[in-house]
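Understanding the architecture of this molecule
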Amino acid sequence: MKRRSINSRAMNVLAFAVVIVWLAPVAWVMLTSIKPTMLINSAEPTFFFFTPTTEHYIEVFTRFRFGDVIVNSLITVGVSTLIVMILAFPAAYAVSRMGLMSGDFWALTVLSLRFMPGVVVVLPYFKMANSVGLLDTHLALIVVYVAFGLPFAVWILRGFLLDLPREVEEAGRLDGFGWLRILFFLVLPMAAPGIAVTAIFTFVFSWNEYLFALFLTLQKVTTIPVALQKTIDVYNVLWGSLSAGAAIQLLPMIAVVFLLQKHIARGLALGAVK
Amino acid sequence: MTVSLRNLVKRFADGTVAVKGIDLEIADGEFLTLLGPSGCGKTTTLRLVAGLEEPEEGSIHIGGRDVTAVDPGDRNIAMVFQSYALYPHMTVLQNMTASLRVAGMPKAAADEKAGVTARSLGIEHLLHRKPAKLSGGERQRVALGRAMIRNPICYLMDEPLSNLDLKLREHMRTEIKRLHQKYKVTTIYVTHDQTEALVLSDRVAVMNKGEILQVADPVTIYERPATTFVADFVGSPSINFLKGDLRSGVATVAGRVLKVARAGGDRPVTLGIRPEDIVLGPTGSGIFDGAVAFVEVYGSVVIAFIEPKDVGGLLARREFVAAAVDIHEPIAAGDAVGVRFRDDRISVFDAGDGTALSC
């Protein structure tokens with residue numbers, strides 16, 4: 001009993017240390033985003049005793065057009081996530097239940113598309129987008145994000161669906177349910193935590209994506225990661241603006257994780273990523 | 001409605017033959033149980049009847065109609081699953097009325113029918129709860145209600161009581177029996193619990209390795225098992241097997257004539273004797289003597305496990321002879337006893353293939 005309590009205390013200390021290591025940069029960014037420029041550039045770092053400022057937030061919205069940039073990110077990432085989920089759910093069901101491309105070989109083959117480094121295909125994508133006039137449009141990024149997000153979403157959802165009790169669907173078949181009714185009235189509600197987790201992952205990957213956004217956008221549809229980079233030029237790094245932009249990029253993610261943490265924990269425990 | 005399975009064969013993708021050419025006729029209103037150990041093919045057979053699996057060979061007829069290629073939802077059968085398989089996000093009422101609503105029944109009529117069914121099962125107070133808020137017994141009743149509400153022509157039950165504790169299982173067993181007596185709907189019930197099979201069924205089909213070994217009423221299954229497997233699987237504590245010889249139609253064990261078997265020919269045989277067909281007396285009074293190694297109290301009876309003395313190689317499978325003794329009889333470990341059998345109750349099996357020779 002005593003040993004267990006010592007062990008659990010040691011685990012707590014370790015967990016706390018890990019959390020500090022993970023959160024320290026985030027806290028640093030948050031603090032820098034509200035610190036006056038003079039203090040940011042001072043040789044002595046200041047952590048607590050300063051008057052917070054909104055100057056950097058105002059700057060990213062005025063000078064770096066973050067209003068438009070956030071809308072661009074929300075459109076491309078939101079629409080692509082929605083399309084990915086609409087396609088991935090029936091696809092994952094077909095894979096996990098209907099014997100279509102079932103088995104680990106196919107699952108890994110599909111997943112391996114996700115392993116492919118983006119830099120391998122970014123130039124062909126750029127050429128293609130340019131030749132069909134999609135450069136610097138939302139659609140170009142949406143297409144790419146769907147192409148890259150779909151295999152991963154199918155793979156992760158397949159894990160969730162395989163964990164669902166098959167008997168419920170069989171009971172549905174005996175009750176006279178057709179495939180679509182089984183899919184949307186039985187499987188969809190049961191798989192909701194898994195779908196939420198998959199959607200969050202898909203959203204996060206696209207939300208943070210930099211390479212394709214850099215190549216396929218010029219001015220009009222720039223997303224947050226690309227806009228952040230514009231706070232760094234040849235002569236200068238605008239740490240305040242960079243931090244404010246990074247904080248803006250982080251906040252929706254943190255909000256989503258806090259709001260859906262119950263689903264995420266359940267989803268992670270249920271699915272293939274456990 | 002009658003159900004008939006004709007030469008049913010089911011092979012799985014990995015090459016396993018789960019069902020090997022089963023032929024079975026189930027009469028209208030009959031309660032038939034498929035009994036057997038795990039992996040014997042009983043659940044697969046039930047799933048074939050349900051339409052959840054497709055047979056490689058053979059056909060399934062329900063009420064005279066060939067339903068082999070008919071969708072499960074169009075067979076007008078209802079199934080109760082081992083895990084209950086209730087729709088977790090729906091209330092009990094929605095669970096029960098789902099099939100009626102899919103079939104196009106208006107909500108008011110479906111709800112009214114659910115109310116009537118729920119009352120007959122004593123679950124009307126649960127109608128607006130979700131399955132997660134129900135106990136195991138309540139879930140079981142809801143699963144039964146969901147099956148009953150459709151007025152199916154046949155019920156299929158796949159180990160529906162195995163997730164319940166003993167008391168509740170006995171209670172629900174009686175409930176299922178009562179419902180069957182009342183409505184007389186053809187029922188195919190799958191279980192590995194021989195007590196459940198004997199208590200509930202009009203007939204029991206004992207299965208092993210994808211084949212049906214014997215189909216008969218519970219008394220025949222218990223008293224006249226067709227093979228040593230059936231004899232061993234049915235009955236608790238297990239039947240005793242002794243090595244014997246058949247000479248000129250007479251079975252002998254340890255030099256004593258025990259029972260006349262109808263089959264002719266001289267051959268080694270296995271004799272099956274139920275624990276309650278063993279009579280214990282003073283040493284020297286029986287076929288052989290032995291010492292009580294230990295006893296197990298079962299309630300009304302005590303099972304004495306006896307180690308035979310001076311008759312080596314007598315027992316065919318186990319090292320003790322199990323004898324049922326009335327709870328009021330004084331018996332304890334270490335007692336020396338003489339062991340005798342009720343000759344007319346002994347089953348005789350071929351020692352080679354295990355098939356019954358006596359009638």
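Just so it is clear, the model here is predicted, and its values are computed rather than measured.

A short note on the overall build of chain B
- When its secondary structure is counted, chain B shows eight helices and 20 strands.
- When each of the 359 residues of chain B is scored for burial, the buried share is 42%.
- Pairs at least 24 residues apart make up 64% of the contacts formed inside chain B by residues separated by at least 6 positions.

Thoughts on the nonpolar core
- In terms of nonpolar packing, the biggest core is built from 156 residues, with L157 of chain A together with L156, I188, V206 and L271 of chain B touching the most fellow members.
- Residue contributions to this core peak at 17 residues, all from helix α7 (residues 138–163) of chain A.
- Each residue touching L156 of chain B, except ones within four places of it in the same chain, is listed here: L46, V49, A50, I77, M79 and I188 of chain B.

Details of the environment of S33 of chain A
Residues and elements named next belong to chain A.
- Locating S33 in the fold gives a position in helix α1 (residues 2–33).
- Residue classification places S33 among the buried positions, given that 26 C-beta atoms sit within 10 Å.
- Separated by 40 residues in sequence, S33 and S73 have C-alpha atoms that sit 20 Å apart.
- Each residue touching S33, except ones within four places of it in the same chain, is listed here: H56, G240, S243, A244 and A247.

Looking at the interface of chain B and chain A
- Facing the 16 residues of chain B at the interface are 13 residues of chain A.
- Every element with two or more residues in the side of chain B that touches chain A is listed here: β6 (77–80) and α2 (92–102) of chain B.
- Here the element with the most residues in the side of chain B that touches chain A is α2 of chain B; it accounts for three residues.
- For the side of chain B that touches chain A, the residue count by class is 12 nonpolar, four polar and no charged.

A few points about the environment of A316 of chain B
All names here are of chain B.
- Structurally, the position occupied by A316 is in the loop between β17 (301–309) and β18 (321–326).
- Judged by the 18 C-beta atoms lying within 10 Å of it, A316 falls in the partly exposed class.
- Separated by 288 residues in sequence, A316 and D28 place their C-alpha atoms 41 Å apart.
- With residues near it in sequence (within four places) discarded, A316 still touches F241, L242, K243 and T270.

Notes on the sheet that holds strand β5 (residues 65–66) of chain B
Residue and element names in this part refer to chain B.
- Read from one edge to the other, the open sheet built from four strands follows the order β2-β1-β4-β5, with strand pairing classed as antiparallel. In this open sheet, the two edge strands, each paired with only one partner strand, are β2 (17–26) and β5.
- Sheet topology note: the strand β1 (residues 3–11)/strand β4 (residues 57–62) ladder contains five bridges and is antiparallel. Pairing of R6 across the sheet is with S59, part of β4.

Notes on the sheet that holds strand β7 (residues 154–158) of chain B
All names here are of chain B.
- Taken in spatial order, the six strands make up an open sheet running β6-β7-β8-β3-β9-β10, and their pairing is mixed. Looking along the sheet, the strands with just one partner apiece sit at the ends: β6 and β10 (211–216). Between one strand and the next, the sheet's axes are offset by a mean angle of 15 degrees, whatever the strand orientation.
- Relative to β10, strand β9 (residues 203–208) is paired through five bridges, and the arrangement is antiparallel. By the bridge assignment for β10, V206 is matched with Q214.

Observations regarding the packing of α7 of chain A against helix α10 (residues 192–207) of chain A
All names here are of chain A.
- Here α7 crosses α10 at 155 degrees, and the two axes come no closer than 10 Å. Taken together, α7 and α10 sit at an angle that is classed as roughly antiparallel. The handedness of the crossing between α7 and α10 comes out as right-handed. Residues Y145, G149, A153, I156, L157 and F160 of α7 lie in contact with α10, whose contacting residues are G194, I195, T198, F201, T202, F205 and S206.
- Residues of the contact of α7 with α10, tallied by class, amount to eight nonpolar, five polar and no charged.

A look at the packing of helix α3 (residues 107–121) of chain B against helix α4 (residues 136–148) of chain B
Residue and element names in this part refer to chain B.
- α4 packs onto α3 with a crossing angle of 135 degrees between their chain directions and a minimal axis gap of 10 Å. Considering their axes alone, α3 and α4 lie oblique with respect to each other. Note on packing geometry: the crossing formed by α3 with α4 is right-handed. Of the residues in α4, those in contact with T117, A118 and L121 of α3 are R141, L144, G145 and M148.
- Taken together, the residues of the contact of α3 with α4 sort by class into four nonpolar, two polar and one charged.

Looking at unusual backbone geometry
- The peptide bond linking S236 of chain B to P237 of chain B adopts the cis configuration, its omega dihedral lying at 0 degrees.
- Inspection of the secondary structure puts P237 of chain B in the loop between α8 (228–233) and β11 (240–247).
- The backbone of R65 of chain A sits at a positive phi, close to 55 degrees, despite the residue not being glycine.
- Structurally, R65 of chain A is set in the loop between α3 (55–62) and α4 (66–97).
- Judged by local crowding, R65 of chain A falls into the partly exposed class, with 16 C-beta atoms found within 10 Å.

Observations regarding the pairing of β2 of chain B
- In this sheet, β2 of chain B lies alongside β1 of chain B in antiparallel orientation, the contact comprising seven bridges. Bridge pairing links V3 of chain B to I26 of chain B in β2 of chain B.

Quick word on helix α8 (residues 166–174) of chain A
- Regarding α8 of chain A, the residues found buried are V168, E169, A171, G172, R173 and L174 of chain A.
- Following α8 of chain A by one or two positions, G176 of chain A has its phi on the positive side, about 95 degrees.

Brief notes about the confidence of the model for chain A
- Overall, the prediction assigns chain A a mean pLDDT of 87, with 95% of residues at 70 or greater.
- Across chain A, element-level confidence peaks in α4 of chain A with a mean pLDDT of 93 and bottoms out in helix α14 (residues 261–270) of chain A with 71.

Here we look at the confidence of the model for chain B
- Considering every residue of chain B, the mean pLDDT works out to 88; 98% of them sit at 70 or more.
- Reported for the predicted complex are a pTM of 0.81 and an ipTM of 0.83.

A look at the pairing of strand β8 (residues 186–191) of chain B
Residues and elements named next belong to chain B.
- Summarising burial for β8: six of the six residues are buried, a large majority.
- Note: strand β3 (residues 31–35) against β8, five bridges, orientation parallel. Looking across to β8, one finds that L35 is bridged to T191.
- Bridge count for β7 against β8 is five bridges, and the pairing is parallel. Along β8, the bridge assignment pairs Y155 with T187.

Things to note about α3 of chain B
Residue and element names in this part refer to chain B.
- Between the first and last C-alpha of α3 there are 21 Å, a value that for 15 residues agrees with the 21 Å anticipated at 1.5 Å per step.
- The set of residues buried in α3 consists of A110, A114, T117 and A118. What you see down the axis of α3 is that its buried residues fit within an arc of 100 degrees, all on one side. Opposite the packed face of α3, turned more than 90 degrees from it, sit the exposed residues A108, A109, V116 and R119.
- On the buried face of α3, the contacting elements are α2 and α4.
- The positive-phi residue at the C-terminal boundary of α3 is G122, with phi of around 70 degrees.

Procedures and definitions
Residues numbered from 1 in each chain as written. Chains lettered and ligands numbered in written order. Predicted model: local features only at pLDDT ≥ 70, side-chain atom pairs only at ≥ 80, totals over all residues. Helix = DSSP H or I, 4+ residues; strand = E, 2+ residues; numbered from the N terminus. Buried ≥ 20, exposed ≤ 12 C-beta atoms within 10 Å, placed from the backbone. Contact = placed C-beta atoms within 7 Å. Core = buried A, V, L, I, M, F, W, Y, C linked by C-beta atoms within 7 Å. Nonpolar A, V, L, I, M, F, W, Y, C, P; charged D, E, K, R; others polar. Pairing = 2+ DSSP bridges. Axes fitted to C-alpha atoms, helices over the stretch in contact; angles between N-to-C directions. Parallel < 35°, antiparallel > 145°, perpendicular 65-115°, else oblique. Left-handed = near helix turned anticlockwise from the far one by under 90°. pLDDT = per-residue confidence, 0-100. Expected span 1.5 Å × (residues − 1). Arc of directions from axis to C-beta.

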